[in-house]
Amino acid sequence: MDTIGGLLAGFEVILTWQNIQFIFIGSVIGTLIGVLPGIGPLAALSLLLPATVALPPVGAIAMLCAIFYGSMYGGSITSVLVNIPGEAASVVTCLDGHAMAKQGRAGAALGMAALGSFIAGTLGIIVLCLAAPMLGAFAIRMGPPEYAALMLLGLACTILMIQGSALKGAIMIGLGAWLAAIGMDIVTGEFRFTAGSVDLSAGIELLAVVIGLFGVSEILLNVEQSARGMAVKAKLSAVWPTRADWKASFAPILRGSGLGFAIGLLPGGGPVTASFLSYAVERRVGKNPETFGKGRIEGVAGPEAANNAAVSSGMIPLLSLGIPGNAVTALLMGALIINGVQPGPTMMADRADVFWGVIASLYIGNVFLLVLNLPLVGLWVQLLRVPYAVLFPAILLLALVGTYSANRNLFDLWVMLGFGVVGWFLRKLGYELAPLVLAFVLAPLLEQSLRQSMVMSPDGAMIFLQRPLAAVMIAAAVGMLLLVAFKRKTTTLVGGTA
Amino acid sequence: MTITRRGLIAGSAALPFAGAAMAQETHPARAALNAIKPAGYPREPIEMVVVYPAGGGMDITGRVVQRFFERVTGERSFVNNRTGGAGLVGHTWLATQAPHDGHAIGIIANLVISDAARSQGRWQVSDLDHIAHLNAEPLNLMVNADGPFKTGGLRGLLEAARARPGTIRVANVVGGYYEYLIEQLEQASGSRFLKVPFQGGGPGITALLGNNVDLAFGFFAEVRGHMQGNRLLPVAVTGRQSTPFLPETPTVNSIIGRNDANWGVSRWIAVPKAVPADRKAWLAAAFRAAVADPALVEEFRNLGALPDPALDTPEKLNAAVAQMAEAERAYLVASGRATR
């Protein structure tokens, strides 16, 4: 396959005014839903799906894709400014991004988030062009044992994220895993921990948990502290990251891009997992890990790069094999079918216009988003001038609307508000919330792939040693846990604190 | 194309109204429908509930049908995905909470039968009135085109299972037709399979593509692309006769010598029982006119499903639904899952 020729043909397809309009509209909508807490890309895409029936397939898919990666750009904005994630993949951006905003460096955090997203998006697209069919074929070889090993590695990384007490961190991981277990058991079809409730039988909605734990609890904390006047002082001028910021962020962006790309490639992986793991890796490799969470730009640049790269690579299994890896790409696949394009291994040959057109649209969309987002950083920072008494009720209202729009289920709102209160208590008691969310995302995948592996193996757990890739990942996870245990022990001894 | 500001605005403004614009062509069945249209109904867009996620097979059928409903009636409607609990949340909403004024209807499938059993007595299939059949399709049994069972067909696979019990890996979705079909195959081979559980048919097909299972079931739209790309091969189909989409592929029944390996999906329109009779009649006639439209039949064919001309009245459909429920109950009793 002639990649350059295909790509040029793709640009020819996509560079019509009509298609450019669609990409532009998609970028704007994506940024907006990223900014609005609660409304995630999935809800926005399902609302817009019917409208795409009347559009040409390339334009329709290009617009829907632009919404997806646009939301990754927009999601960091509220995370940084008010410590409320715009969507689930921006949760970790709160940790250091908001700390930077408190130091008056909101502009640098937002600028680096946009640049990191752009670099990762672009790198992701280049690799996608060059290696889509090959990578797709590799991803599909990954079976349940490899997934189980990968998720174990992911959970081991969660432990690296824990800042304070290991016991408190372990409690949060356990709580996240338990919450994720609520709902239907995939092996037996029985309901677990649902107490006979139909609402709980569907499991707990990730979006409601995230918005509650981070968004609502933040509002509650602020209401409590409002008397003390804890408003963030933002310097409105310093938009561009400094030379030092660049230097610190360069490697994290590259690492985040690589990690995000790899995670996004796998069915079941996605931007949320990618951003969390990138943060964990940056903490591991960065100097002075204890200053993470206190305004390190690496903690913004890496995860923001990772979630965008994951979006790009998530297109690979869809476009090259017709296999959707997550809920959003499943929806894109539906959009293709509705528009008369059959996704599958033959799509690249049969509908080269769609295949290369969509890939070319990703380039254009990322450029649009950078151009849209960088000048807007100054504008977003102005949001901080809005008194919290106005800003927070507005955010709460948007969070309610957004969470409701995902499933149109009132129960989700109670979940969101309930987790708001839980999150407020946990934060007051010094528990970290990020490990809970990551466990909530990873534990079901681990459980599912572990149980699938055990069922499909005639030799029980030996299957993990018989498959080399799985064995390597399990060894890495065990090694990482031993390292952490050892390190904690030595720090305790040296530091003399219990 | 020239660059105009108006073009940009028109392009964006056209999006939300695409459906309504399409509905403005007058459909030949419109006059007959208007004659029986109840006064003051519908007074708002009709919500068409799909209980599975946007973009999936059921959703795609739902959206195509919704478009033709608007084309036939000229009335506004929208598809709403009420998802969760593998369909249980949406089905429960339809049977117990949906408004009774005909402004919420379900685009559902025979999977509603097993969900009624899972609802622990909260509701029954007979709480819904089944007013218009849409289409039906069998399950396709697939193997990997480069895998160990690429030759020999289903018979060869069953023989291998007999020779080496407990080694054949089959993609399963618990608590439904996938599981029942696997059990019938196990009985035919006299041995046990490794039933690898997945959340839905799609992930099972993915596992088959990666050779992580040996046999998987899928609907035609899910597997067509992989067959064209020579990645997957069909070895059998469910149902009483072969499907016109795969005329060469034998039925499971013919291979294992049964007559009840007929698991597949049948889709129809259902409304809460309490919806007024005249509204039900108008809805039923509208969907019947839509399904009679050759353009919709063509859309169904593209998705791998066919309408059933024998189910042309609500009475016949209700009877057929009762029969499907009975067949499933009989299987559950015979397999020891239920006592009555």
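So, how was this worked out
One numbering rule holds for all chains: residues counted from 1, following each sequence as written. Each chain gets a letter, beginning with A, and each ligand a number, beginning with 1, in the order they are written. Per-residue local features of the predicted model are confined to residues with pLDDT of at least 70, and side-chain atom pairs are confined, for both listing and counting, to 80 or more; whole-chain, interface and lining totals are unaffected and use all residues. The side-chain quantities take in all heavy atoms of the structure and omit both hydrogens and water. Only DSSP runs of H or I reaching four residues or more are called helices, and only runs of E reaching two or more are called strands; each is numbered from the N terminus. The definition of a polar contact used here is a pair of N or O atoms within 3.5 Å, where within protein one atom must be able to donate a hydrogen and the other to accept one, and adjacent residues in sequence count solely through side-chain atom pairs. Note on scores: pLDDT gives the predictor's confidence for each residue, bounded by 0 and 100. The contact criterion used throughout is that any non-hydrogen atoms of two residues lie within 4.5 Å. Two strands are counted as paired when DSSP detects at least two bridges linking them. Axes here refer to lines fitted to C-alpha atoms; in helices the fit is confined to the stretch in contact. Angles between the N-to-C directions go from 0 to 180 degrees. Note on classification: 1.4 Å probe, protein chains only; a residue is buried when its accessible area is under 20% of the maximum for its type, exposed when over 50%, partly exposed between these limits. The patches described consist of residues with a relative accessible area above 30% and no salt bridge, like charges being joined within 9 Å and nonpolar side chains (Val, Leu, Ile, Met, Phe, Trp, Tyr) within 5 Å. Each accessible area value is a Shrake-Rupley result obtained with a 1.4 Å probe; residue values ignore everything except the protein chains displayed when judging cover. For this document, the term salt bridge refers to a Lys or Arg side-chain nitrogen within 4 Å of an Asp or Glu carboxyl oxygen. Note on terms: buried area is the combined drop in 1.4 Å-probe accessible area of two parts once they are placed together, counting the loss on both. Under the scheme applied, nonpolar residues are Ala, Val, Leu, Ile, Met, Phe, Trp, Tyr, Cys and Pro; charged residues are Asp, Glu, Lys and Arg; polar residues are all the others, including Gly. The directions from the helix axis to the C-beta atoms are what the arc is built from. Stacked, edge-to-face and tilted labels apply to pairs of Phe, Tyr and Trp rings (six-membered ring for Trp) whose centres lie within 6.5 Å, assigned for plane angles under 30 degrees, over 60, and everything in between, in that order.

Chemist: When you look at the side chain of Glu-75 of chain B in this model, what are you seeing that I'm missing?
Modeler: Of note, Glu-75 of chain B is situated in the loop between helix H4 (57-73) and strand E2 (77-81). In this structure the side chain of Glu-75 of chain B is engaged in a polar contact, spanning 2.3 Å, whose partner is the side chain of Lys-37 of chain B.

Chemist: Explanation requested: the confidence of the model for chain B in the structure shown.
Modeler: Should the pLDDT be low somewhere, the predicted coordinates at that spot are not to be read in detail. Residues and elements named next belong to chain B. In the predicted model, chain B carries a mean pLDDT of 88, and the fraction of residues at 70 or more is 92%. Taking the mean pLDDT of every element in chain B, the minimum, 38, falls on helix H1 (residues 5-14) and the maximum, 97, on strand E5 (residues 140-144). Every residue in residues 1-23 scores below 50 in pLDDT, and together they form 22 contacts with partners more than four places removed in sequence or on other chains.

Chemist: Help me understand the sheet that holds strand E9 (residues 232-237) of chain B in this model?
Modeler: Strand pairing in a sheet takes place through backbone hydrogen bonds and is either antiparallel or parallel in direction. Residue and element names in this part refer to chain B. The three strands are arranged E8-E5-E9 in an open sheet whose pairing can be described as antiparallel. On the outer flanks of this sheet lie strand E8 (216-218) and E9, each paired with one strand and no other. Averaged over all adjacent pairs, the angle separating strand axes in this sheet is 40°, with direction ignored. Judged from the five bridges that link them, E5 and E9 form a sheet pairing that is antiparallel. By the bridge assignment for E9, Asn-144 is matched with Leu-232. The strands touched by helix H8 (residues 177-189) are E5 and E8; relative to E8, the strand with the most contacts, the crossing angle is about 135°.

Chemist: How should I be thinking about the environment of His-98 of chain A in this particular structure?
Modeler: Residues and elements named next belong to chain A. When you line up the elements, His-98 lands in helix H5 (residues 91-102). Looking at His-98, the relative accessible area reads 5%, which means it is buried. As for His-98 and Ser-79, which are separated by 19 residues in sequence, their C-alpha atoms are 6.5 Å apart. Looking at His-98, its side chain comes within polar contact range of the main-chain nitrogen of Asn-83, at 3.4 Å.

Chemist: What's the story with a nonpolar patch on the surface in this structure? I'm lost.
Modeler: All names here are of chain A. On the surface, Leu-123, Ile-126, Leu-130, Phe-250 and Leu-254 cluster together into a nonpolar patch covering about 470 Å² of accessible area. Among the elements of the structure, helix H6 (106-141) and helix H11 (243-265) are those that each provide at least two residues to the nonpolar patch. Note on placement: Leu-254 falls in helix H11. Residue classification places Leu-254 among the partly exposed positions, given a relative accessible area of 41%.

Chemist: I'm lost on the sheet that holds strand E10 (residues 264-272) of chain B in this one. Help?
Modeler: All names here are of chain B. The mixed open sheet is built from five strands, whose spatial order is E2-E1-E3-E10-E4. Where the open sheet ends on each side, the last strands, each with one partner, are E2 and strand E4 (128-138). Strand-to-strand twist across the sheet, computed as the mean angle between neighbouring axes with direction ignored, equals 25°. In terms of strand pairing, strand E1 (residues 46-50) meets strand E3 (residues 104-109) through three bridges, oriented parallel. Across the sheet, Met-48 pairs through a bridge with Ile-105, a residue of E3. Here H4 sits on the sheet and contacts E1, E2, E3, E4 and E10; the angle it forms with E2, its principal contact strand, is near 165°.

Chemist: Hey, could you run me through the interface of chain A and chain B in this one?
Modeler: How big an interface is tends to be stated in terms of the accessible area lost upon association of its parts. On the side of chain B, 48 residues touch chain A, which itself brings 51 residues to the contact. Each partner contributes to the roughly 4200 Å² buried at the junction of chain A and chain B, and carbon and sulfur atoms together form 65% of this total. Of all residues in chain A, Val-198, Gln-342 and Met-456 of chain A give up the largest surface area on contact with chain B, accounting jointly for 13% of the area buried on that side. The tally of links from chain A across to chain B stands at zero salt bridges. Between the two partners, chain A and chain B, sit two residue pairs in polar contact (both at pLDDT 80 or more). If you list the elements that add at least two residues to the side of chain A that touches chain B, you get helix H2 (17-35), H6, helix H9 (198-201), helix H14 (327-338) and helix H19 (434-456) of chain A. Across the side of chain A that touches chain B, the residue classes break down as 30 nonpolar, 17 polar and four charged.

Chemist: Looking at this model, I keep getting lost on helix H13 (residues 294-303) of chain B. Mind explaining?
Modeler: Owing to its 3.6 residues per turn, the α-helix brings residues three or four apart onto one side. Every buried residue of H13 of chain B is accounted for by Leu-296, Phe-300 and Leu-303 of chain B. The arc that holds the buried residues of H13 of chain B, viewed along the axis, is 60°, so those residues lie on one side. Its buried side turned inward, H13 of chain B meets H14 of chain A together with H4, E4, helix H10 (220-228) and helix H12 (277-292) of chain B. Directly beyond the C-terminal end of H13 of chain B, a positive phi value near 90° is found at Gly-304 of chain B.

Chemist: What is the right way to read the pairing of E5 of chain B from this model?
Modeler: It is a general feature of regular strands that their side chains alternate between the two faces of the sheet. Residue and element names in this part refer to chain B. For E5, the tally of buried residues reaches five of five residues, placing the bulk of the element in the interior. Neither face of E5 is exposed, since Asn-140, Met-142 and Asn-144 on one face and Leu-141 and Val-143 on the opposite face are all buried. Note: E5 against E8, three bridges, orientation antiparallel. Across the sheet, Met-142 pairs through a bridge with Ala-216, a residue of E8.

Chemist: Even after reading the chapter, I still don't get the packing of aromatic side chains, so can you show me in this structure?
Modeler: The relative placement of two aromatic rings is captured by the distance of their centres and the angle of their planes. One pass over the full model with this rule turns up 16 aromatic pairs over all chains. With a centroid separation of 5.5 Å and an interplanar angle of 85°, the aromatic rings of Phe-24 of chain A and Phe-368 of chain A are classed as edge-to-face. Of the two residues, Phe-24 of chain A sits in helix H2 while Phe-368 of chain A sits in helix H16 (residues 352-382), which places them 344 residues apart along the sequence. For Phe-24 of chain A, a relative accessible area of 37% corresponds to the partly exposed category. Measuring from centroid to centroid gives 5.7 Å for Tyr-41 of chain B and Trp-282 of chain B, while their planes differ by 85°, and the two rings are edge-to-face. One end of the pair, Tyr-41 of chain B, is in the loop between helix H3 (30-35) and E1; the other, Trp-282 of chain B, is in helix H12, and 241 residues separate them in sequence.

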